[in-house]
Amino acid sequence: MRKFFKWTAIVLLVLIAALLGWGYAPDIPAKELRAKYANAESEFVDLGDGLTVHLRDEGPKDAPTLILLHGSNASLHTWQQWVDRLGKDYRIIGYDQPGHGLTGPHPKDDYTAAGFVDVVDRVAKNRGLTQFYLGGNSMGGWVTHEYAKAHPEKLLGIILVDAAGAPDSRPKSTPIGFRIARLPGVNRLAQIVTPRGMIETSLKQSVSNQAIVTDAEVDEYWELLRHPGNREATGKRFALYGSRNTASPVPEATRKLPALIIWGEEDKLIPVSAAKWFASTYSGSTSQIYKGIGHIPMEESPDRSAADVRAWLVSRQAAPAN
């Protein structure tokens, strides 16, 4: 019996050593990440209660304003191509949501819908906005929809890009990184074992236009995930997914909001059927479904998606939002 336990312990130690050798990835100091991923437009804004967010406020300050929310394990960088194409005519505010990018973890570990909605509201107040357009991709789309339910009076319209939040929208397949984040125990190990190859595979599984999966793109996702506290925040956020009430009532004032719905027809993470649910929910909606595109249309098809946003905003006869 002693020999059995001895050899079992040895095998476990060898396996742990092999696992660490394969994918050990320590946190990267926040200062080092800021030096690489912040730029001249970056602000680190104190929103109170210990929460400081990485934010960029670009474009004319008297122009119609869009606040854009990135998806799970992404960052504000995902919107850069829209900023490049729309930023001369519109004010575009992007920020790293809590648990992501250079913002880091929420000081109160609040990754609930109400928590994310509260951060949107605090950002809007910090920027002096009373009405604005709000848009989001994936998880950011879910937050956009939740904010629209809570504060429809503050919105001029919403943009949903392959948004999470529709009931019964089960993915066709889930990227490996997301599957690991949902496994109790294993996700704790993922706080120190995060091989770059897993991030690359997850990104490739999320998109159809594989040309966007460059070395720089993979490094950005991998390194920002290793901001101190972000991997732990990912585990806590995914632990709440099962308790999301996606079927909660949508107020009539929310249903009447103008909505632009953009979706990749080949999205394997959130199927295009979810776009139809959002279109039926928002009575004033316009839908654009892209063939040959997956989960991140603003990166996979930046010219078309930005042009569709511009055309929609023009059709709204957008006026300055503040």
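Residues numbered from 1 in each chain as written. Predicted model: local features only at pLDDT ≥ 70, side-chain atom pairs only at ≥ 80, totals over all residues. Heavy atoms only, no water.

### A few points about the pairing of strand S5 (residues 132–138)
The buried fraction of S5 amounts to 7 of the 7 residues, a majority that puts the element mostly inside the structure. Pairing of strand S3 (residues 65–69) with S5, which is carried by 4 bridges, proceeds in the parallel orientation. Paired with Leu69 across the strands is Gly136, a residue of S5. With 7 bridges connecting them, S5 and strand S6 (residues 155–163) associate as parallel partners. If you follow Tyr133 over to S6, its bridge partner there is Gly157. Viewed along the sheet, the connection from S5 through helix H5 (residues 139–150) into S6 turns out right-handed. (Buried < 20%, exposed > 50% of the residue type's maximum accessible area, 1.4 Å probe, protein only. Helix = DSSP H or I, 4+ residues; strand = E, 2+ residues; numbered from the N terminus. Pairing = 2+ DSSP bridges. Right-handed = clockwise from strand over helix to strand, strands pointing away.)

### With respect to unusual backbone geometry
Notably, Asp109 is not glycine yet its phi reads approximately 55 degrees, a positive angle. Secondary-structure assignment places Asp109 in the loop between strand S4 (91–95) and helix H4 (113–126). Residue Asp109 is classed as partly exposed on the basis of its relative accessible area of 37%. Residue Asp162 is not a glycine yet carries a positive backbone phi of 45 degrees. Relative to the helices and strands, Asp162 is located in strand S6.

### Considerations on the packing of H4 against H5
The N-to-C vectors of H4 and H5 enclose an angle of 80 degrees; their axes lie 9 Å apart at closest approach. In terms of axis orientation, H4 runs roughly perpendicular to H5. Counting all contacts with H4, which are made through Ala113, Phe116, Val117, Val120 and Asp121, the residues of H5 involved are Met139, Trp142, Val143, Glu146, Tyr147 and Ala150. Residues that form the contact of H4 with H5 fall into these classes: 9 nonpolar, no polar and 2 charged. (Axes fitted to C-alpha atoms, helices over the stretch in contact; angles between N-to-C directions. Parallel < 35°, antiparallel > 145°, perpendicular 65-115°, else oblique. Contact = heavy atoms within 4.5 Å. Nonpolar A, V, L, I, M, F, W, Y, C, P; charged D, E, K, R; others polar.)

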